[in-house]
Amino acid sequence: MERSPSRCGNVSCESTRPLVVTIDGPAGAGKSTVAKKLAERLGIRYLDTGAMYRAVALAGYRQGVNWQDDAQVRRLLQSIELHIEEDRIFLNGEDVSDLIRSPEITRETARAADVFQVREFLIAQQRAIASRESLVTEGRDQGTLVFPDAHVKFFLVASPEERARRRWRDFKRKGIDISYEKVLEELLQRDEQDSRRPFGALKKAPDAIEIHTDGLTVDQVVDILLTHIRKHIGTDSPSG
């Protein structure tokens, strides 16, 4: 089969379809940071699926949607148009990139993400994007549910203590006063919730490559992922 380098960024791939790399794992494992850096190194798109869920949650919050009411959710989704441009997300033409990061929308997103119609709506959009261009995507279910036929799948893990330390340091940098013990407690609760979600539960795909990130820098993790990508898709070395 003829290779299609232009559809795979800075790598050549054996498939005529765009390259898809998924990164799943628990909260605090470093998925977002690693995914952004990996996409940059590969010269392809980073798809922020979390921002997509947050944008839907914002729309629902503004309209006072009851997420348990199927008819309300259906009308909401029919009224939504999402557009992602670089690291900005637009909801019906409005740049909501900053608005979706508020504590209120974070809580609303947790409710919206458990609604089957919402996940179905966004999964369809994510797959449509992947049909047009190569990307790196991260979350809980990207390699299991959204892109089960992804070229390469990763599952990032780290000890709860290491993940809590990372989160605690992030909070400190933002000026948020919270104890490490509280961060650890909330992270363990999040792990339990994510593993029991009715749709898109945190689960390692059978063919995912597990990477332990304890004690590693972001660049070190990205280098490891790049090595596996070269090996698995039989490509020339990614540039960067």
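These lines cover the structure that appears in this document, whether it is placed above or below. (Residues numbered from 1 in each chain as written. Predicted model: local features only at pLDDT ≥ 70, side-chain atom pairs only at ≥ 80, totals over all residues. Heavy atoms only, no water.)

Things to note about unusual backbone geometry
Thought 1: Positive phi, close to 55 degrees, is recorded for Glu86, a residue that is not glycine.
Thought 2: Mapped onto the fold, Glu86 is located in the loop between strand S3 (82–85) and strand S4 (88–91).
Thought 3: Relative accessible area serves as the criterion here: at 74%, Glu86 is assigned to the exposed category.
Thought 4: The phi dihedral of Asn92 falls on the positive side, at around 50 degrees, and the residue is not glycine. (Helix = DSSP H or I, 4+ residues; strand = E, 2+ residues; numbered from the N terminus. Buried < 20%, exposed > 50% of the residue type's maximum accessible area, 1.4 Å probe, protein only.)

Concerning helix H2 (residues 49–63)
Structural remark: α-helix, 3.6 residues per turn; residues separated by three or four positions point the same way.
Thought 1: The terminal C-alpha atoms of H2 lie 22 Å apart, and with 15 residues this matches the ideal 21 Å at 1.5 Å per residue to within 8%.
Thought 2: Among the 15 residues that make up H2, 11 are buried, leaving the element largely enclosed by the rest of the structure.
Thought 3: The set of residues buried in H2 consists of Thr49, Ala51, Met52, Tyr53, Arg54, Ala55, Val56, Ala57, Leu58, Ala59 and Gly60.
Thought 4: Capping of H2 at its N-terminal end is provided by Asp48; its side-chain oxygen lies 3.3 Å from the backbone amide nitrogen of Gly50.
Thought 5: Taken from the residues just after H2, Gly64 is the one with a positive phi, measuring 65 degrees. (Expected span 1.5 Å × (residues − 1). Polar contact = N/O pair within 3.5 Å; in protein donor to acceptor, adjacent residues only side chain to side chain.)

Concerning the pairing of strand S6 (residues 135–139)
Thought 1: Counting buried residues along S6, five of its five residues qualify, which places the element largely inside the surrounding structure.
Thought 2: On S6, burial covers both faces: Leu135, Thr137 and Gly139 on one face and Val136 and Glu138 on the other are all buried.
Thought 3: Looking at chain direction, strand S1 (residues 20–24) and S6 are connected through five bridges and run parallel. Following the sheet pairing, Val21 is matched in S6 by Val136.
Thought 4: Across three bridges, strand S2 (residues 45–47) lies against S6 in parallel orientation. Looking at S6, one finds that Tyr46 is bridged to Val136. (Pairing = 2+ DSSP bridges.)

Observations concerning the sheet that holds S1
Thought 1: One open sheet accounts for five strands, arranged S2-S6-S1-S7-S8; its pairing is parallel. Two strands bound the open sheet, and with one partner strand each, they are S2 and strand S8 (209–212). Shown here is a sheet whose adjacent strand axes are inclined to one another by a mean of 25 degrees, direction ignored.
Thought 2: Along the sheet, helix H9 (residues 218–233) makes contact with S1, strand S7 (152–157) and S8, crossing S7 at roughly 155 degrees. (Axes fitted to C-alpha atoms, helices over the stretch in contact; angles between N-to-C directions. Contact = heavy atoms within 4.5 Å.)

Observations regarding the pattern of salt bridges
Thought 1: All chains considered together, the criterion is met by 18 salt bridges.
Thought 2: Note that Arg166 and Glu162 form a salt bridge whose closest N and O atoms lie 3.2 Å from each other. With a gap of four residues between them, Arg166 and Glu162 both fall in helix H7 (residues 160–173), about one helical turn apart.
Thought 3: The class of Arg166 is buried, set by a relative accessible area of 17%.
Thought 4: Overall, Glu162 belongs to the buried group, its relative accessible area being 13%.
Thought 5: Between Asp194 and Arg190 there is a salt bridge, with the nearest N and O atoms lying 2.8 Å from each other. Here Asp194 pairs with Arg190, and both are found in helix H8 (residues 180–196), just four residues apart, close to one helical turn.
Thought 6: Classification of Arg190 by relative accessible area gives partly exposed; the value is 33%. (Salt bridge = Lys/Arg side-chain N within 4 Å of Asp/Glu carboxyl O.)

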